[in-house]
Number of protein chains: 2
Amino acid sequence: MAPLYTFAGGDAGSWRVTRQGTYRGQGLAPVKRVAVRPGVEAGPSGALWTLTGVVSNVRYATAAELKALATKQEGLGRPEAKCAALIPIKKSQRWWSLAQDERRRIFEETSHHNAIGMDYLPAIARRLHHCRDLGGDFDFLTWFEYAPNHADAFEELVVRLRRSPEWEYVEREVDLRLERN
Amino acid sequence: MAPLYTFAGGDAGSWRVTRQGTYRGQGLAPVKRVAVRPGVEAGPSGALWTLTGVVSNVRYATAAELKALATKQEGLGRPEAKCAALIPIKKSQRWWSLAQDERRRIFEETSHHNAIGMDYLPAIARRLHHCRDLGGDFDFLTWFEYAPNHADAFEELVVRLRRSPEWEYVEREVDLRLERN
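Quick caveat: nothing in here was measured; it's all calculated off a predicted structure.

**Digging into the interface of chain A and chain B**
Each partner contributes residues to the interface: chain A has 24 residues there, and chain B has 24 residues. Overall, the association of chain A and chain B removes approximately 1900 Å² of surface from exposure, summing both partners, and the carbon and sulfur fraction of that is 52%. Of all residues in chain A, the largest losses of buried area upon contact with chain B belong to N57, Q100 and D133 of chain A, amounting jointly to 30% of the total for that side. Between the two partners, chain A and chain B, sit two salt bridges. The salt bridge involving D133 of chain A is made with R59 of chain B; its shortest N-O contact spans 3.1 Å. The interface formed by chain A and chain B contains ten residue pairs in polar contact (both at pLDDT 80 or more).

Here it is as structure tokens:
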């Protein structure tokens, strides 16, 4: 079974929120901390929201792209990666109604989503969680980890992605920055 | 939110099981009837199993393929379509580890999955439910409806798909034929 993770926002958890904003659409209740746990759970007591997503099969990446990623990317949990970002995203119905080749073209050939991410490897590690099919309020929960000296690079990555044609299909996006305890 | 459907096998429901078999892997407990309901629910009392899936975005079809399908296919619930088939399928980890272009190539360029289905339109109507990301025992629940005089054509469709290279990645497949009350 594909692994699930739950992000619970509240007063508890090993990630302290340093900034919480909303890039587009409705925000999430402001929280002080986020707990990240495997599986589906209600979250620690006092959680104001919980978001669950599943690490699923790749939807757009080609074999060549996966191979290139594998040679450059590093995993989560590196001791120096004391910074993180949690960016829940919901795309429009118009996006989801597109055929596979149309979404792929926008994702990579036009917006260079994977190519842009490659520019920031291995500094920025990433895990994508899918939640549209789980019936959540978001379609994706993206989680990034990086060292403090790469914080500016991370902000640049976010700006570049948001400028891409793919982002015309984003209708809700919340944005949290965090630091490990 | 993407629509969910639950198939409950037991003694109740408007579809009577005329044949229940297992094509590959572990079977399901034999049942007399199947109830098909929107949403997630426990099923009628006496249900021996329930399977829930979500009607999600297309994973492989191109815009040209979707357009061709739209001109030929008909919906579920046609009065003459008194026959149905429920075929829950689970693919192997090897399939899910493939890149998107590799899975697409096997699905269509090698196995002609969509093209084979097109040969039986509009006679055979179909709805695909995804359940891998929901953590179910299967990855897909495929549901077909057709008139009794197309029953032989349906069996041919099933045989052609099972002969395709894509089916080397199927590790569990249960097969039920049903008739509407």
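On we go.
**Focus: the side chain of R162 of chain A**
Tracing the backbone shows R162 of chain A in helix α5 (residues 151-162). The residues touching R162 of chain A, leaving out its near neighbours within four places in the chain, are Y23, I87, W167, E173 and D175 of chain A.

**Quick notes on unusual backbone geometry**
All names here are of chain A. The step from L121 to P122 runs through a cis peptide bond, and the omega angle for that step is 0°. Looking at where P122 falls in the secondary structure, it is placed in the loop between α4 (113-118) and β6 (125-130). With phi around 55°, H112 is a residue other than glycine that occupies positive phi space.

**Re the pattern of salt bridges**
Scanning the entire structure with this criterion turns up 26 salt bridges over all chains. Between E109 of chain B and R104 of chain B there is a salt bridge, with the nearest N and O atoms lying 3.0 Å from each other. Salt bridges here are not isolated pairs; linked through shared partners, they connect R19, E155, R162, E173, D175 and R177 of chain A.

**Comments concerning the relation of the copies chain A and chain B**
Taken together, a rotation about one axis and a shift along it account for how the two chain copies relate. Expressed as a screw transformation, the operator carrying chain A onto chain B has a rotation angle of 180° and an axial translation of 0.0 Å, and the superposed copies differ by an RMSD of 0.0 Å. The superposition operator between the copies reduces to a two-fold rotation axis. In terms of proximity to the rotation axis, the leading residue of chain A is L134 of chain A, whose C-alpha is 3.1 Å off the axis. Looking at the interface residues of chain A, 100% of them are also at the interface in chain B, so both copies use one shared face.

**Description of helix α5 (residues 151-162) of chain B**
Residues and elements named next belong to chain B. The first and last C-alpha atoms of α5 sit 17 Å apart over twelve residues, in line with the 16 Å expected at 1.5 Å per residue. For α5, the set of buried residues is F154, L157, V158, L161 and R162. For α5, the angular spread of the buried residues around the axis is 125°, confining them to a single face. For α5, the elements touching its buried residues are β2 (15-24), β5 (83-91), α4 (113-118), β7 (140-146) and β8 (170-180).

**A closer look at the environment of P3 of chain A**
All names here are of chain A. As for its position among the elements, P3 is in the segment before β1 (4-10). C-alpha of P3 to C-alpha of G53: the two residues are 50 residues apart in sequence and 8.5 Å apart in space. The contacts of P3, once residues within four sequence positions are left out, are G53, V54 and V55.

**Considerations on the packing of aromatic side chains**
Any aromatic ring pair is given by two values, namely how distant the centres are and how the planes are angled relative to each other. Tallying each qualifying case throughout the model produces 16 aromatic pairs over all chains. Taken together through their ring pairs, the aromatic side chains of Y60, W95, F107 and Y169 of chain A make up a single cluster. Positioned over the ring face of W95 of chain A is K91 of chain A, at 3.8 Å from the centre of the ring. Positioned above the aromatic ring of Y5 of chain B, the side-chain terminus of R127 of chain B is 3.6 Å from the ring centre.

**As for the confidence of the model for chain A**
Looking at chain A as a whole, the pLDDT averages 96, with 99% of positions reaching at least 70. Under the prediction, the complex receives an ipTM of 0.94, its pTM being 0.95.

**Details of the pairing of strand β3 (residues 33-38) of chain B**
Residue and element names in this part refer to chain B. Summarising the sheet, strand β1 (residues 4-10) and β3 pair through six bridges and their orientation is antiparallel. Within β3, the residue paired with G10 across the bridge is R33. Note: β2 against β3, two bridges, orientation antiparallel. Looking across to β3, one finds that W15 is bridged to V34.

**Examining the environment of G46 of chain A**
All names here are of chain A. Turning to its location among the elements, G46 is positioned in the loop between β3 (33-38) and β4 (49-54). Given a relative accessible area of 47%, G46 falls into the partly exposed group. As a C-alpha pair, G46 and A12 span 34 residues in sequence and 7.7 Å in three-dimensional space. Among residues more than four places away in sequence, those in contact with G46 are G9, G10 and D11.

Cut-offs and rules
- Residues numbered from 1 in each chain as written.
- Chains lettered and ligands numbered in written order.
- Predicted model: local features only at pLDDT ≥ 70, side-chain atom pairs only at ≥ 80, totals over all residues.
- Heavy atoms only, no water.
- Contact = heavy atoms within 4.5 Å.
- Buried area = accessible area lost by both parts, 1.4 Å probe.
- Salt bridge = Lys/Arg side-chain N within 4 Å of Asp/Glu carboxyl O.
- Polar contact = N/O pair within 3.5 Å; in protein donor to acceptor, adjacent residues only side chain to side chain.
- Helix = DSSP H or I, 4+ residues; strand = E, 2+ residues; numbered from the N terminus.
- Least-squares fit on C-alpha atoms with pLDDT ≥ 70 in both.
- Expected span 1.5 Å × (residues − 1).
- Buried < 20%, exposed > 50% of the residue type's maximum accessible area, 1.4 Å probe, protein only.
- Arc of directions from axis to C-beta.
- Phe/Tyr/Trp six-rings, centres within 6.5 Å; stacked < 30°, edge-to-face > 60°.
- Lys NZ or Arg CZ within 6 Å of the ring centre and 35° of its normal.
- pLDDT = per-residue confidence, 0-100.
- Pairing = 2+ DSSP bridges.

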